[in-house]
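Breakdown of the fold
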Amino acid sequence: AAERAIEDVRDLSRGHLRLGITPTFTAYFVGPLTAELHARHPGISLTVVEMSQDGIEAALLADDLDVGIAFIGTPVPGIDAAALFTEHLGLVASASRARTLPDPLPVGALDDVDLALLCSDFATRTHIDLYFAEHHVEPRISVEANSVQALTEIVQRTPLATVLPLRAYLTDPATL
C-alpha cells in the first residue's frame, strides 16, 4: 500500500490538492487552471479556497494549503514563491463611461474619476494605492468592496470606474 501511495503521488494519478487563491485571480484564473489540472491529472481532486494573501501565507505555514496563488510580495520565511506571470492592472468602466474619458487616459486625470475599488485589505488595492501615491494622484473613492464580482456589477450599472486585472476583461490576454 505504501509503494502504491508513493507511485500515485509520483505520477500524479491520484491525490488531493488544496489551493488558496486571492479573489483578484479567482475572477479569471481559477477556471482555466482547474480545467488544465483536470485534463492533465483527472485523478487529482481539488479544493479551492478564496482568501486574502495574508490568509494564504498563514494557511501555507500551518500546512492547511498545498499551494497559494497571490501577488509576489515581501518574502515570507518558510514559503517558496515563483512568478507565474506578470499581471497588468487597468481602469475598467462601462462602455458608456469609457466613451467620456480621454484615450489614452493620463494617470493625473484619475483625480477627476469617481472610483469603486477593492477594500484596503487586498494586495491588489495595496498595489493600486502605491501606484497612485507614486504619481501624486488622490483618487476619489466612492465605493469600496471586498468582491471583484461586486465591483464588476457596480461599474456596469454606474458611472464609476474601477482598477482590476486586465486579463479578466480583455478577450485576448496575449495583447498585454
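Look above for the structure.
Values in this document were obtained by computation on a predicted structure and should not be read as measured data. (Residues numbered from 1 in each chain as written. Predicted model: local features only at pLDDT ≥ 70, side-chain atom pairs only at ≥ 80, totals over all residues. Heavy atoms only, no water.)

Thoughts on empty space enclosed by the protein
- Taken as a whole and assessed by the stated rule, the structure comprises one cavity of 30 Å³ or more.
- For the largest cavity, the calculated volume is near 40 Å³.
- Lining the largest cavity are Thr-22, Thr-24, Ser-52, Gln-53, Phe-71, Asp-121, Phe-122, Ala-123 and Thr-124.
- Here the residues of the lining of the largest cavity sort into three nonpolar, five polar and one charged. (1 Å grid on protein atoms, 1.4 Å probe; cavity = no way out; pocket = protein on both sides within 12 Å on 5 of 7 lines; lining within 4 Å. Points joined across faces, edges and corners; volume = space filled by probe spheres on them. Nonpolar A, V, L, I, M, F, W, Y, C, P; charged D, E, K, R; others polar.)

A look at the pattern of salt bridges
- The tally for this structure, following the rule as stated, stands at seven salt bridges.
- A salt bridge links Asp-63 to Arg-18; its shortest N-O distance comes to 3.4 Å. Of this pair, Asp-63 sits in the loop between α4 (53-61) and β3 (67-69) while Arg-18 sits in strand β1 (residues 15-21), and the two are 45 residues apart along the sequence.
- A salt bridge links Asp-129 to Arg-125; the shortest N-O distance between them is 2.8 Å. On the criterion of helical spacing, the pair formed by Asp-129 and Arg-125 is a turn pair, its members being four residues apart in helix α6 (residues 123-134).
- Here the salt bridges share partners, and the residues they tie into one network are Arg-18, Asp-63 and Asp-66. (Salt bridge = Lys/Arg side-chain N within 4 Å of Asp/Glu carboxyl O. Helix = DSSP H or I, 4+ residues; strand = E, 2+ residues; numbered from the N terminus.)

Geometry only, nothing functional implied.
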